[in-house]
Amino acid sequence: MERDIMYYANRLQKMIQCETVSVKDAYDDTEFAKLRNVMEELFPLIHKKAEKMTFGDDCWVYRIEGKDKSRNIILMSHHDVVAAEGEWLHPGFSGEIVGNQMWGRGTVDTKTPLFGEFSALEELLEEGYEPPCNVYIASSHNEELGGDGIPKALAYFKEHNLEFEVILDEGGAVINPPVGGMNCEKCAMIAVHEKGRYYLNCTATSANAHASLTSAITQTPVERMAAFIQEVSDSDIFIRRMNAQMVAMFRHLAPHAGAGMKFLFSNITLFAPLMTKLLPKMSPQAGGLLGTTCTFNKIQGSSEDKMCKAVAFLRPIDKDDFDKDVEAFRKIAAKYDITVEIDEKSEYHKPADINQPQFAYVKQCIEKVFPEYPAVPFILPAGTDARVLTDVCPCVLRFAPIRLSEHQLASVHSENENIDLDAIVKCVEFYKEFLKNYQ
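This write-up is about the structure you can find in this document. Along each chain, residues carry numbers from 1 onward, in the same order as the chain's sequence is written. Given that the model is predicted, a residue must reach a pLDDT of at least 70 before its local features are reported, and side-chain atom pairs must reach 80 or more before they are shown or counted; all residues, however, enter totals for whole chains, interfaces and linings. As a convention, hydrogens and water are excluded, and side-chain values are obtained from all of the structure's heavy atoms.

Some points on the pattern of salt bridges
Any Lys or Arg side-chain nitrogen located within 4 Å of an Asp or Glu carboxyl oxygen qualifies as a salt bridge. The tally for this structure, following the rule as stated, stands at 25 salt bridges. A salt bridge links Lys368 to Glu433; its shortest N-O distance comes to 3.5 Å. Of this pair, Lys368 sits in helix H12 (residues 357-369) while Glu433 is found in helix H14 (residues 421-436), placing the two residues 65 residues apart along the sequence. By relative accessible area, Lys368 is classed as exposed at 54%. Beyond isolated ion pairs, a larger network of salt bridges with shared partners links Arg3, Glu123, Glu126, Glu127 and Lys432. Segments assigned H or I by DSSP are reported as helices when at least four residues long, segments assigned E as strands when at least two residues long, and all are numbered from the N terminus. Buried, partly exposed and exposed residues are distinguished by accessible area as a fraction of the type maximum, computed with a 1.4 Å probe on protein chains only: under 20%, between the cut-offs, and over 50%, respectively.

See below:
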């Protein structure tokens with residue numbers, strides 16, 4: 001069956017028109033139920049042939065049985081979105097098509113990738129496709145909240161001893177190169193790791209003020225906490241190095257860089273000390289991918305309370321380095337008689353093993369569908385549902401096969417989210433290529 005751009009656009013539009021906004025500490029199923037009905041209408045074969053499980057309020061996990069029932073792969077996305085606030089050129093949940101763009105919340109984050117996954121599998125099933133292994137499609141209803149959907153699915157996977165060869169979620173996309181001076185217009189950025197999330201609860205009290213602290217600035221808990229935060233902010237206490245994921249990124253960029261940068265990137269380990277110093281000056285965001293970053297996002301207390309508390313939010317790259325970073329953090333805290341406790345909600349998840357054949361296979365699919373754009377691994381500063389699944393998969397990758405302009409990427413969680421119609425077609429094409437030729 002020949003399918004044109006408008007065929008896909010009109011179908012995706014129905015999904016965009018479902019206002020599946022996730023709200024903290026509340027769940028209204030109205031729009032989520034509407035989306036479920038749309039999915040059943042658009043993808044009848046999947047709903048006929050797949051086993052469907054639901055975790056939490058509305059986290060979907062579909063399973064199509066493969067020839068080898070002992071092997072598993074997952075395609076992932078999420079169907080919840082953030083609210084469409086602010087001033088929009090076109091209504092936030094209209095799915096309005098103007099020229100070559102579709103406008104609406106979820107067009108980028110992430111109903112288009114979800115649509116691509118379902119469309120690819122549906123079309124292949126129409127052609128009599130029988131996958132070589134079990135194919136799962138998972139989609140959470142509360143990813144935007146860091147919710148319980150996928151963690152509950154993970155508990156099920158562990159209970160049933162399920163492991164996966166590759167997991168492909170959102171996170172990267174076909175976007176502008178991460179550094180200037182490249183000979184390619186865009187890069188297919190594959191996130192192979194996510195920064196950890198640690199919350200350090202710091203407490204100063206009058207009771208634990210050491211007798212040797214006689215300086216006026218450190219007399220009260222508030223003053224001691226302020227001095228502590230200032231010293232942490234001013235000190236370069238965290239380990240900075242060219243970690244394995246950053247080395248891989250530069251090496252993959254090297255063939256597509258200008259002459260001078262090509263030599264630098266090709267010999268990145270040789271120039272690692274120099275790059276470690278230069279990157280934070282060139283780009284604070286890039287510098288943050290060299291090691292742990294720290295921000296204090298909450299402070300409370302008063303002299304009357306004789307107590308001051310602060311929460312430090314640390315984002316580590318490497319767990320071993322982070323353990324040493326915490327030691328350095330505690331050492332400064334001890335100078336001000338401040339106690340430091342790691343909050344139980346903290347988390348760290350290991351990076352993907354890019355030596356696995358599945359990483360090479362994803363690159364191969366990108367080269368087939370997006371031949372003009374190099375595939376490049378990177379570290380994702382943000383978070384995805386897939387991070388919790390590293391316990392059951394050695395190769396968790398985050399790449400949504402959608403080509404985005406700089407403005408379209410910036411529209412995520414902002415006004416005027418939109419996507420090019422031909423990018424929708426390419427998205428379906430990628431997932432078909434991935435599923436059809438997976439061995």
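A word on the nonpolar core
In terms of nonpolar packing, the biggest core is built from 94 residues, with Met242, Phe250, Leu397, Phe430, Phe434 and Leu435 touching the most fellow members. Two residues form a contact once any of their heavy atoms are found within 4.5 Å. Residues within four places of Phe434 in sequence aside, it is in contact with Ile73, Leu75, Val166, Leu168, Tyr361, Val362 and Cys365. Definition used in this section: a nonpolar core is a set of buried Ala, Val, Leu, Ile, Met, Phe, Trp, Tyr and Cys residues joined via side-chain atoms within 4.5 Å. The next biggest cluster of nonpolar side chains, apart from the first, holds 23 residues, and it includes Ala227, Ala310, Phe322 and Phe329.

What to know about a positive patch on the surface
On the surface, Lys24, Lys298, Lys309 and Lys345 cluster together into a patch of positive charge. Secondary-structure assignment places Lys345 in the loop between strand S12 (339-342) and H12. Only residues whose relative accessible area exceeds 30% and that form no salt bridge are eligible for patches; like-charged ones are grouped when within 9 Å, while nonpolar side chains (Val, Leu, Ile, Met, Phe, Trp, Tyr) are grouped when within 5 Å. Per-residue and other accessible areas follow the Shrake-Rupley method at a 1.4 Å probe size, with only the shown protein chains counted as cover for residues. In this tally, Lys and Arg are treated as positive and Asp and Glu as negative; His is ignored, and so are the chain termini. Each charge is placed at NZ for Lys, CZ for Arg, CG for Asp and CD for Glu.

Some remarks on the environment of Tyr156
With respect to the element layout, Tyr156 can be found in helix H5 (residues 149-159). Accessibility expressed as a relative area gives 21% for Tyr156, which makes it partly exposed. Sequence separation between Tyr156 and Phe55 is 101 residues; the distance between their C-alpha atoms is 9.0 Å.

Section: the packing of aromatic side chains
Stacked, edge-to-face and tilted labels apply to pairs of Phe, Tyr and Trp rings (six-membered ring for Trp) whose centres lie within 6.5 Å, assigned for plane angles under 30 degrees, over 60, and everything in between, in that order. This structure, assessed with the given rule, holds 28 aromatic pairs. Ring centres of Phe430 and Phe434 lie 6.5 Å apart, and the angle between their planes is 25°; on these two criteria the pair is classed as stacked. One end of the pair is Phe430 and the other is Phe434, both in helix H14 and four residues apart, which spans about a single turn. By relative accessible area, Phe434 is classed as buried at 0%. Over the ring of Tyr199 we find Lys345, and its NZ or CZ is 4.5 Å from the ring centre. Either the NZ atom of lysine or the CZ atom of arginine qualifies as a charge over a ring when it sits within 6 Å of the ring centre and within 35 degrees of the ring normal.

Some points on the packing of helix H4 (residues 111-126) against H14
Lines are fitted to the C-alpha atoms to define the axes, a helix being fitted only along its stretch in contact, and any angle between axes, read from their N-to-C directions, falls within 0 to 180 degrees. For the pair H4 and H14, the least separation of the axes is 8 Å and the interaxial angle reads 50°. The pairing of H4 with H14 is recorded here as oblique in orientation. Remark: the crossing between H4 and H14 carries right-handed chirality. Every residue of H14 that contacts H4 at Thr112, Pro113, Phe115, Gly116, Glu117, Ser119, Ala120, Leu121, Glu123 and Leu124 is listed here: Ile424, Cys427, Val428, Tyr431, Lys432, Leu435 and Lys436. Three classes are used, and their members are as follows: Ala, Val, Leu, Ile, Met, Phe, Trp, Tyr, Cys and Pro are nonpolar, Asp, Glu, Lys and Arg are charged, and the others, Gly among them, are polar. Per-class residue counts for the contact of H4 with H14 are 10 nonpolar, three polar and four charged. Oblique is the label for every angle not falling under 35 degrees (roughly parallel), over 145 degrees (roughly antiparallel), or within 65 to 115 degrees (roughly perpendicular). Definitions for this section: a left-handed crossing has its near helix turned counterclockwise from the far helix by less than a right angle. A right-handed crossing has that turn clockwise.

Details of the sheet that holds strand S11 (residues 307-315)
Whether two strands pair depends on DSSP finding at least two bridges between them. Pairing is antiparallel in the open sheet, where four strands are placed in the order S10-S11-S9-S12. Among the strands making up the open sheet, the edge pair consists of strand S10 (293-302) and S12. Across this sheet, the average inter-strand angle for adjacent strands is 20°, counted without regard to direction. The pairing of S10 with S11 spans nine bridges and is classified as antiparallel. Counterpart to Thr295 in the pairing with S11 is Phe313.

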